[in-house]
Amino acid sequence: MLRVENLKKYFPVQKSALEVLLSRRRDFIRAVDGVSFEMKRGEVLSLVGESGCGKTTTGRIIVGLERPTGGKIYFKDKEITSLREEEQRKMRRYIQMVFQDPYASLNPRMKIGEHLVESLTIHGIAENEEAKEMAMSMLDRVGLPGEQFFTRMPYQLSGGQRQRVAIARAMILKPEFVVADEPVSMIDVSLRAAILDLLLSFRDEYNLSMLFITHDLSVARIVGDRIAVMYLGKIMEMGKTKEVIHEPKHPYTAALLSSVPSFVKKERKVEIIGDIANPIDIPSGCRYHPRCPFAREKCKKEEPELEGEEHSFACHFPLEGGF
Amino acid sequence: MLLEIEKLTTVFRTRRGVVRAVDNVTMSINKGEFVSIVGESGCGKSTLAHSVMRLIDPPGEISGGKITFDGVDLLSLSDEEMRKIRGSKIGMVFQNPMTSLDPLEKVGDQISETIMEHMDVTKKEAWQMAREMLEKVGLQPERVDSYPHQLSGGQRQRVMIAMAISLNPKLLIADEPTTALDVIVQEKIMDFLEDMKREGRAVMLITHDFALAAERSDRIAVMYAGWLVEMGDAETLTNDPLHPYTKGLIQSVPDVWMDKDIKPLPGFPPDLINPPEGCRFRPRCSNASEMCMKEPPEVEVDGRVVKCWLYG
Ligand SMILES: Nc1ncnc2c1ncn2[C@@H]1O[C@H](COP(=O)(O)OP(=O)(O)OP(=O)(O)O)[C@@H](O)[C@H]1O
Ligand SMILES: Nc1ncnc2c1ncn2[C@@H]1O[C@H](COP(=O)(O)OP(=O)(O)O)[C@@H](O)[C@H]1O
Ligand code: SF4
Ligand code: SF4
Ligand SMILES: [Mg+2]
Ligand SMILES: [Mg+2]
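Residues numbered from 1 in each chain as written. Chains lettered and ligands numbered in written order. Predicted model: local features only at pLDDT ≥ 70, side-chain atom pairs only at ≥ 80, totals over all residues. Heavy atoms only, no water.

Overview of the environment of Asp218 of chain B
Residues and elements named next belong to chain B. Counted only if it meets this: For helices the rule is a DSSP run of H or I covering at least 4 residues; for strands it is a run of E covering at least 2, with both sets numbered from the N terminus onward. Exposure is judged per residue with a 1.4 Å probe applied to protein chains only, and the accessible area is read against the type maximum: over 50% gives exposed, under 20% gives buried, and values in between give partly exposed. Residues count as neighbours in contact if any of their non-hydrogen atoms are within 4.5 Å of one another. In the analysis that follows, any N or O atom pair within 3.5 Å is treated as a polar contact, provided that within protein one partner can donate a hydrogen and the other can accept it, and provided that, for residues neighboring in sequence, both atoms belong to side chains.
In this structure, Asp218 sits in the loop between helix H8 (210–216) and strand S9 (219–224). In this structure Asp218 comes out as partly exposed when scored by relative accessible area, which is 26%. For the pair Asp218 and Pro276, spaced 58 residues apart in sequence, the C-alpha separation works out to 32 Å. Other than its neighbours up to four places away in sequence, Asp218 contacts Gly32, Glu33, Phe34, Lys197, Asp233 and Ala234. For Asp218, the side chain forms a polar contact with the side chain of Lys197, separated by 3.1 Å.

Take a look at the structure:
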C-alpha cells in the first residue's frame, strides 16, 4: 500500500548574513534522517517518540505538504514524490491528514458544512446540492447531526466536536491512506476514546491504512497494529504493538515505556539521560548514545542499522527480558 | 492541616448568568502531602486553585466559604498581606507557561525579580539563587541568560517551576504543568514535584490524566461541574472508585500495560449557568434513579468522601 524508502528532510538553519560570511559551512536541522517502512492495506502504524523527533515532518512529507530532501515514497507501487504537480493533486485525494490542533485546522470564517463541501469541490467529486447532501450525511456519521451542525461556525464547537469536523473533512473523500497527527492530544481525556473509536470505524469501513502519530504509548496500544519508535529523525525500533510494548529491545523504547503514566505499578525502569540532542548536531555512532545508560565504546563509533524482519531495532546491545 | 478549604463557593457573574465554577467545596491538604485534583475541562479545577491564591478577578468572586492556610484565614487578609503569601508561602505554576513569562526579559531576570520582591537580597545574590533554582529543576544554570523563546516547552515549564519555588513555598500548586509536554519531560517534572514533597512541602497537582494522578499522589480529589464528588486515598480510589463519575473517568482512558475495555463517557459536562436539577452528573449517569432529582449529600464511606445517592 505504502512504502517509504530512506526518507530525508533537512531544514536549512536561519542565520544572519554575517554568520553566513564567517562560516562557509551550511547548517541543517536533520528533522527526518533516513526513514524507511512499509504499510499494508488496512493497517495502522503508530509513530511514537519525543517532541521534536520528526514525527510530524514525516507525516507532512507523505501527504505532500513538504518536499523531501531525499528518499522515495511508493503509494500502491507508484513513486509519488517525483510526480508532476497535477498528478500529485489527483493522488492527494487518496492520502489525507488529520491535524493535531482542532482549533487551527478549521477556517474560523467558514461554516462547518462548507469545510466538507469545499473538500468535495476541490477534488471534483461533487458540487452544489449533491455535495451538500454528502456533507450532511458525513456530519451525521461523525456524530454531529447535519441539520444542527451544517450552518454552525467553528467557534461554536468544543475541541472534541472540531476534531470530528476535521475527521469528517478528511473521510468524505474516501481516502485510502490517512496520516493522523496526534488527533486526540489536545482534547479532554474522557472524549479521546470516542474520537479514537470514530477513526478506527473508518479504518474498518474503508479498509484504509493509517499512520497514527502520538507520543502517548497507551493510545498507541489501542490503535496500532504495529509501532515505530522514532528518535532524532530515525526509526529505532519497529514491530507488532504488544511485542514492542512488552519486549522492547531498544533502550530508548524502554525509557519511553518507563515514563508513561499507568495504573499498573512498574516493575522495571530504564533511565534516559538528559535532554534530547540538537538535530543540527546529531551525535556520532548511535545517535542515542549520549542518553543511553548502556552505551559502550562501540556505540560512539558505529551507527547501528535497523535490523530484523517482524521486529526490528537499531542497537548494538539490545535489551533482554520483558516488561 | 496546612490548607483547609471549607464550603468554598466561587462564581463568575457573566452576562448570560451566574457560573458556579466552584460550589460548596470542602477539602484539605496536609504538610508534605501530594494531592491531585482531577476532572474534565470546565469542572472548576483551575478556579479552585485561583481561589486559594485569591486570584479571582471580576466578574468572578469568592462568594462563600473559608480558606485557612497555615493557621491564617486567607479571605480576611488585605491585598498587600495576600501578595506576600503568594509566592513566598504558596507558589503556583500556571496552565499556560508562555503567557506567564515575559518574552522580552531574560529568564534569570524574571526569577531574580521575584526573589527580590519578597526577600532582602542584592541583585547579585538573587541572580545566584536563580542559577541554583534552575539547576534544581534540571536545567543548566547558564540558562539564566536565555530568553523564553529560546527554550522548548518543557524547559519553559521548568523555568516556571523554578520561579514558583524560588521563595521556598510550603505549598506548590501546579495547574496542568505537563499537559502539552511529552512523557519524558513530564516524568522529570513529576519526579521534581515528588522531591518537593519529600522535603516536607505540599503539592496540589491539577491534571486530567487520571493515571498520572494515581501514580504520584497520596490523595485524589475528583471534581465534576463545580462539585467535589469524591476524595480519598489515591490507591483505594483508583482501585475501587465509588462515584459513577470516577468510575467512568477511569474506564475511558487506555493503559499502556493493560488490555482493557475502553468505554467513552457519554455526553459532556453541563453548562454551569444552568446545571441539571438534583445531581449534576445525572444526565450522564447509568445509575441514576428517582432520588437523584435531589442534590446528593456528601457522605463518608471508609475514609472517603462521596457525593452520590448510592451511598447516601
Ligand atoms: N519548517 C521548519 N523549519 C525548520 N525546522 C523545522 C521545520 N519543521 C520542523 N522543524 C524541526 O524539525 C524537527 C522535527 O520536527 P517535527 O515537527 O517533525 O517533530 P515532532 O516529532 O512532530 O514533534 P512534536 O511531538 O513536538 O509534535 C524539530 O527539531 C523541528 O524544530
Ligand atoms: N473568567 C471567567 N469568566 C467566566 N467564566 C469563567 C471564567 N473562568 C472560568 N470560568 C468558568 O468556570 C468553569 C470552571 O472553569 P475552570 O476552573 O477553568 O475549569 P477547569 O480548570 O477544571 O478546566 C467553566 O464553566 C468556565 O467556563
Ligand atoms: S547502540 Fe549502544 S548507545 Fe545505542 S541504544 Fe544500543 S546500547 Fe545504547
Ligand atoms: S447521585 Fe444519582 S445521578 Fe448522581 S452520581 Fe449518584 S447515582 Fe448517579
Ligand atoms: Mg508534531
Ligand atoms: Mg484549567
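Continuing now.
Section: the site of ligand 4
Formally: Residue proximity to a molecule or strand is established when one non-hydrogen atom of the residue lies within 4 Å of it. Polarity classes work like this: nonpolar for Ala, Val, Leu, Ile, Met, Phe, Trp, Tyr, Cys and Pro, charged for Asp, Glu, Lys and Arg, and polar for all others, with Gly in that last group.
The environment of ligand 4 is made up of His243, Pro244, Cys279, Phe281, Arg282, Cys285, Asn287, Ala288, Cys292, Cys308, Trp309 and Leu310 of chain B. Grouping the amino acids of the shell around ligand 4 by side-chain chemistry returns nine nonpolar, two polar and one charged.

Brief notes about the sheet that holds strand S2 (residues 28–39) of chain A
Each strand in a sheet pairs with its neighbour through backbone hydrogen bonds, running either in the same direction (parallel) or in the opposite one (antiparallel). Residues and elements named next belong to chain A. Under the convention used in this document: Each pair of strands is called paired provided DSSP finds at least two bridges between the two strands. Only the stretch in contact is used when fitting a helix axis, every axis being a line fitted to C-alpha atoms; angles between N-to-C directions are given from 0 to 180 degrees.
The sheet built from four strands is open, its strands ordered S2-S1-S4-S5 with antiparallel pairing. Taken across any chain shown, the strands that pair with only one partner, and hence form the sheet edges, are S2 and strand S5 (78–79). Of the strand pairs in this sheet, strand S4 (residues 70–75) and S5 are connected by two bridges, and their pairing is antiparallel. Bridging from a neighbouring strand, Phe75 pairs with Lys78 of S5. Lying over the sheet, helix H2 (residues 55–62) contacts strand S1 (2–12), S2 and S4, oriented at roughly 115 degrees with respect to S1.

Considering the confidence of the model for chain B
Put simply, the rule reads: Known as pLDDT, the predictor's per-residue confidence is scaled from 0 to 100.
Confidence in the prediction of chain B, expressed as mean pLDDT, is 92, and 99% of residues score 70 or more. Among the scores for the predicted complex, ipTM is 0.86 and pTM is 0.90.

Topic: the interface of chain A and chain B
For clarity, the threshold we go by: A quick way to say it: buried area is the sum, across both parts, of accessible area lost when two parts are put together, with a 1.4 Å probe. One side-chain nitrogen of Lys or Arg within 4 Å of one carboxyl oxygen of Asp or Glu is enough to make a salt bridge.
Facing the 38 residues of chain A at the interface are 36 residues of chain B. Taken together, both faces of the contact between chain A and chain B bury some 3300 Å²; the carbon and sulfur share is 61%. Counting the surface chain A buries against chain B, the share from its top three residues, Ser190, Pro261 and Phe263 of chain A, is 22%. Viewed at the interface, chain B and chain A are joined by five salt bridges. Its salt-bridge partner being Lys269 of chain A, residue Glu187 of chain B comes within 3.2 Å of it at the nearest N-O pair. Run the count over chain A and chain B and you get eleven residue pairs in polar contact (both at pLDDT 80 or more).

Side note on the site of ligand 1
Residue and element names in this part refer to chain A. Surrounding ligand 1, one finds 13 residues, the nearest of these being Ser51, Gly52, Lys55, Thr56 and Thr57. The separation between an oxygen atom of ligand 1 and a polar side-chain atom of Thr56 is 2.6 Å. Tallying contributions element by element places H2 first for the shell around ligand 1, with three residues. Split by residue class, the shell around ligand 1 holds five nonpolar, five polar and three charged.

Considerations on the nonpolar core
Residue and element names in this part refer to chain B. Note the threshold: To form a nonpolar core, buried Ala, Val, Leu, Ile, Met, Phe, Trp, Tyr and Cys residues must be joined to one another through side-chain atoms within 4.5 Å.
Counting 55 residues, the largest nonpolar core has Met27, Leu48, Ile90, Leu171, Ile173, Val222 and Tyr245 as its most contacted members. Broken down by element, this core gets its largest block of residues, six residues, from strand S2 (residues 17–29). The residues contacting Val222, other than those within four sequence positions of it, are Val38, Phe210, Trp227, Leu228, Val229, Glu230, Leu237, Tyr245, Thr246 and Leu249.

Some thoughts on the packing of aromatic side chains
We count it as follows: Here a pair means two rings of Phe, Tyr or Trp (six-membered ring of Trp) with centres within 6.5 Å. Their orientation is stacked below 30 degrees between planes, edge-to-face above 60, and tilted elsewhere. Two limits define a charge over a ring: the Lys NZ or Arg CZ must be within 6 Å of the ring centre, and within 35 degrees of the ring normal.
All chains considered together, the criterion is met by nine aromatic pairs over all chains. Arranged with centres 5.1 Å apart and planes meeting at 65 degrees, the rings of Tyr252 of chain A and Tyr288 of chain A form a pair that is edge-to-face. On the criterion of sequence distance, the pair formed by Tyr252 of chain A in helix H11 (residues 251–259) and Tyr288 of chain A in the loop between H11 and helix H12 (297–301) is long-range, its members being 36 residues apart. Aromatic pair Phe263 of chain A and Phe210 of chain B: ring centres 6.2 Å apart, planes at 45 degrees, arrangement tilted. Note that Phe263 of chain A is positioned in the loop between H11 and H12 and Phe210 of chain B in helix H8, a pairing that runs across two chains. The ring of Tyr74 of chain A carries the charged tip of Arg3 of chain A above its face, separated from the ring centre by 4.4 Å. The positively charged end of Lys132 of chain A is found above the aromatic ring belonging to Phe150 of chain A, 5.1 Å away from the centroid.

Points about the layout of surface pockets
Residue and element names in this part refer to chain A. As a reminder of what qualifies: Of the two site types, the cavity is a set of points on a 1 Å grid over the protein atoms alone where a 1.4 Å probe fits but cannot get out, and the pocket is an open set with protein on both sides within 12 Å along at least five of seven lines, each lined by residues with an atom within 4 Å of a point. Grid points are joined across faces, edges and corners, and a volume is the space filled by probe spheres set on the points. Annotation comment: domain bounds sourced from an automatic or database domain assignment.
Put simply, the second largest pocket is a space of about 630 Å³. Surrounding the second largest pocket, 31 residues form its lining, Ser36, Phe37, Met238, Leu306 and Ser312 being those nearest its centre. Looking at the lining of the second largest pocket, the elements with two or more residues in it are S1, S2 and strand S10 (234–240). The leading source of residues in the lining of the second largest pocket is S2, at seven residues. Residue composition of the lining of the second largest pocket, grouped by class: eleven nonpolar, five polar and 15 charged. Each of domain 1 (2–224) and domain 2 (251–323) gives at least three residues to the lining of the second largest pocket.

Topic: the sheet that holds strand S5 (residues 72–73) of chain B
Residues and elements named next belong to chain B. Spatially, S2-S1-S4-S5 is the arrangement adopted by the four strands of the open sheet, whose pairing is antiparallel. Sheet topology places S2 and S5 at the edges, where each strand pairs with a single neighbour. Looking at chain direction, strand S4 (residues 60–69) and S5 are connected through two bridges and run antiparallel. From the neighbouring strand, Thr68 faces S5, where its bridge partner is Asp73. Along the sheet, helix H1 (residues 45–52) makes contact with strand S1 (3–14), S2 and S4, crossing S1 at roughly 115 degrees.

Some remarks on unusual backbone geometry
With an omega of 10 degrees, the peptide bond between Pro58 of chain B and Pro59 of chain B qualifies as cis. You can see Pro59 of chain B is positioned in the loop between H1 and S4. Non-glycine residue Asp77 of chain A carries a positive phi angle of around 65 degrees. If you trace the backbone, Asp77 of chain A turns up in the loop between S4 and S5. A residue is classified by how much of its surface remains accessible, and Asp77 of chain A, at 70% relative accessible area, is exposed.

Let's talk about the pattern of salt bridges
Charged atoms that come close allow side chains of opposite charge to pair. Inspection of the entire model under this criterion finds 46 salt bridges over all chains. For the salt bridge of Asp33 of chain A with Arg30 of chain A, the shortest nitrogen-to-oxygen distance reads 3.1 Å. Arg30 of chain A gets classed as partly exposed once you look at its relative accessible area, which sits at 27%. The partner of Lys301 of chain A in a salt bridge is Glu297 of chain A, and the shortest N-O contact between them spans 3.6 Å. Of this pair, Lys301 of chain A and Glu297 of chain A both sit in helix H12, four residues apart, roughly one helical turn. Residue class for Glu297 of chain A comes out partly exposed when judged on its relative accessible area of 48%. In the salt-bridge network here, residues are joined through shared partners; they are Lys269 of chain A together with Glu187, Asp191, Glu194, Asp195, Arg198 and Arg216 of chain B.

Quick notes on the domain arrangement of chain A
Interface size is often expressed as the accessible area that is lost when the parts come together. Residue and element names in this part refer to chain A. Assigned domains of chain A: these are domain 1 (2–224) and domain 2 (251–323). Measuring from the centre of the C-alpha atoms in domain 1 to the corresponding centre in domain 2 gives 28 Å. Overall, the association of domain 1 and domain 2 removes approximately 990 Å² of surface from exposure, summing both partners, and the carbon and sulfur fraction of that is 61%. Three residues, Arg30, Glu50 and Leu217, lead the burial of domain 1 against domain 2; their summed loss comes to 50% of the area buried on that side. Linking domain 1 to domain 2 there are four residue pairs in polar contact (both at pLDDT 80 or more).

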